[in-house]
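# Chain and residue survey
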Amino acid sequence: MSGAQPENSTGRGGKAVCALLLATSMFALLRPTALHAQETELRGEVSESAILSDQQRKARQLALAAQGQQPANAAQDNAPARTYLPASAGAVPDDADTGDATATGSLFDPASATDDTAADTAAPPKPRRRSSTAGQNAADQAKDKAADKSKKKKKSTADTSDITASTTASTTDAADGAETDADTANRRALTIDSADRQKLDPGAERTDAIEGQKKKPEDDPFAATGVKWGSFVIRPTIEQGLTATSNGDSSSAGTSALLSETALRFSAASDWRENSATIDGYGLFRETVSGYPVHDEQGRIEGQLNVDLDNELRAIAKLGYEAVPESASSPDAIAGVSKQPLRQTIDGSLAVEKHLGKMQYTLTGAVSHDFYGDAKLSDGTSLSQKDQDSTLYTATLRTGYEISPALTPFTEIEVGRRTYDQRIDNEGFERSSTRLGARAGLTLDMGEKLSGEFSAGWLREAIDDKNLDAISGATVNADLKWSPERGTTIGLTGRTTVEPTTTSGESGDILYSGRLTGERQIRANLTANAALGLDWRDYIGIDGHDRVLSAEAGLTWWLNRYTGLTTRVRTEKLTSNLPGRDYTANSIFLGVKVQR
């Protein structure tokens, strides 16, 4: 029994010591002390917006200090930051003096000396419970008084706002500028992949590819593009087809035939900067496939050069060559031959234009030389036509007055001389003659709507042989183009030609030719054309005349820019009061046209 008592006494003493230590610890924990974390506002994690706001406030203060300006709310910015007030009463001391005079209100300011819980003079403990009702009422009254004072202060400030409006506006502008600079300076840098993470605007218009951009439509998408050759652009065309005709050679003795017809045409234009040059030509080949025998070839080539000289002086030069067989309907056609003689012509002219104010002067000199081949008779022999070779020299002076840029009336005087290589022909006549003519006309220039000229006058060609009458008569010449609407062109041409002859006892004739043409672009790749013709031939020295009426219509359908199908129908009728000259010819053509 006695042995167990000491152990019980020791156990009770240990328990007493443990209870004393526990009570002391509880008393220390229950002691109201200021919390350092709450005093310094370091309450766990700090948001990035709070950091940026604090930096911006400091930047504004530094900017205003550098400019020497004090904002209207400087007192408010310099005031210390509001102390953290927890929701539960008594969590922090009631003493408002929690910082020294050097505190800026930033959450990065160091803790004051009174916040140190280890200091010798500790701050008085703050009550953990809410203050009494009397104290609370006193505090409310103090707040009401402060609010009344604030209202009175605002009222007095409003009374003086008109006086200080300009100063406040300038100060505010400076503060806003400084704030903008500070915001820009303190703006958070974007990440490298921020642009890739931006959301696409579903309403944004998609940009077209370069290849898909719209091109300006061409005026004529099926026109020949041409081939570049040096400083010229050449546009060749070939047409191949078959012609079915009721009169193979357009003569009184002609019969039906099926002909192979090939037409070659080309045009070339220079791309020089100042002057210009053009070359045009064609070749037509007709060969019988079946029926009436026809074998003929004809063609022409001519060039024109325009040169601008000094002092509003312009020179125009032309040169051409033509080879055409004598037509079976010509007055000089030889009956009973297997092939009519070939007539070749070389012609050239040089014109000089001068503008003096509204006056316009043009002097033109021209030369044309005709020479004939031999005619092949049916028996295989040939008949010389050298007595028809001749040369015509002419000089023309035109004087015009420009009433307006669209209208220019003019007058022309022409003098010339026709000389035959053989002074006396095979029939013993001197065929050379002297030429004299006068004309008056009008030039029109209204752009694409209407352009061209027309004239009328009198022409006389006196033959050296007194036994032959002079060839004289009225002359009419015209070359007009009218476009009533886009895609439609109406043309009118007229020409007066003196045709000499070597027929015994005859002087020759005057041929009046007129042609009315129309072209309509039905579609971009479909073009229609039509023509009406009237020829009147008046024989000199005899009572004879010829009248030729013709009509033609055609279509061209382009398969692409380079190839098309073409067709045309034509009718022609000659009526004469001379025997053996009447004929009628109807034909239809179908072929393929290729251009480049």
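Residues numbered from 1 in each chain as written. Predicted model: local features only at pLDDT ≥ 70, side-chain atom pairs only at ≥ 80, totals over all residues. Heavy atoms only, no water.

### Structural notes on the overall build of the protein chain
A count of helical and extended segments in the protein chain gives 7 helices and 22 strands. Looking at the 596 residues of the protein chain, the share that counts as buried comes to 25%. Contacts in the protein chain between residues at least 24 apart in sequence constitute 56% of all its contacts with a sequence separation of at least 6. On the protein chain, roughly 38900 Å² of surface is accessible, and the fraction owed to carbon and sulfur atoms is 57%. (Helix = DSSP H or I, 4+ residues; strand = E, 2+ residues; numbered from the N terminus. Buried < 20%, exposed > 50% of the residue type's maximum accessible area, 1.4 Å probe, protein only. Contact = heavy atoms within 4.5 Å. Areas by Shrake-Rupley, 256 points an atom, 1.4 Å probe, with all protein chains shown as cover.)

### Comments concerning the pairing of strand E8 (residues 342-356)
Of the pairings in the sheet, the one linking strand E6 (residues 313-325) to E8 comprises 13 bridges and is antiparallel in character. Bridging across to E8, Leu 313 finds its partner in Lys 354. Looking at chain direction, E8 and strand E9 (residues 359-372) are connected through 14 bridges and run antiparallel. Following the sheet pairing, Thr 345 is matched in E9 by Asp 370. In this antiparallel pair of consecutive strands, E8 and E9, the connection spans 2 residues, and Gly 357 shows a positive phi of 65 degrees. (Pairing = 2+ DSSP bridges.)

### A look at the sheet that holds strand E10 (residues 375-377)
What the 3 strands build is an open sheet, ordered E7-E10-E11; its pairing is antiparallel. In this open sheet, the two strands that pair with only one neighbour each are strand E7 (337-339) and strand E11 (382-383). Where E7 meets E10, 2 bridges bridge the pair, whose relative direction is antiparallel. Bridge pairing links Lys 339 to Lys 376 in E10.

### Overview of a nonpolar patch on the surface
Together, Ile 238, Leu 264, Phe 285, Trp 557, Leu 559, Leu 565, Val 592 and Val 594 make up a nonpolar patch on the protein surface, roughly 650 Å² of accessible area in all. Inspection of the secondary structure assignment puts Trp 557 in strand E20 (residues 545-558). (Patch = residues over 30% accessible without salt bridge, like charges linked within 9 Å, V, L, I, M, F, W, Y side chains within 5 Å. Salt bridge = Lys/Arg side-chain N within 4 Å of Asp/Glu carboxyl O.)

### Let's talk about the side chain of Thr 556
In this fold, Thr 556 is placed in strand E20. Among all residues touching Thr 556, those that are not within four sequence positions of it are Asn 525, Leu 526, Thr 527, Leu 565 and Thr 566.

### With respect to the side chain of Thr 262
Summarising the element assignment, Thr 262 is placed in strand E3 (residues 257-270). A polar side-chain atom of Thr 262 sits 2.3 Å from a polar atom in the side chain of Gln 240. Setting aside residues no more than four positions away along its own chain, Thr 262 makes contact with Glu 239, Gln 240, Gly 283, Leu 284 and Phe 285. (Polar contact = N/O pair within 3.5 Å; in protein donor to acceptor, adjacent residues only side chain to side chain.)

### With respect to the confidence of the model for the protein chain
Scored by pLDDT, the protein chain has a mean of 79; 70% of the residues are at 70 or more. Here residues 1-7 is a poorly scored stretch, pLDDT under 50, and it has 0 contacts once near neighbours within four places are set aside; other chains count. Note on residues 96-107: pLDDT is under 50 here. Beyond four places in sequence and across chains, it has 18 contacts. (pLDDT = per-residue confidence, 0-100.)

### Describing unusual backbone geometry
Of note in this structure, Ser 250 is not a glycine but carries a positive phi near 55 degrees. With respect to the helices and strands, Ser 250 occurs in the loop between strand E2 (232-245) and E3. With a relative accessible area of 23%, Ser 250 lands in the partly exposed category.

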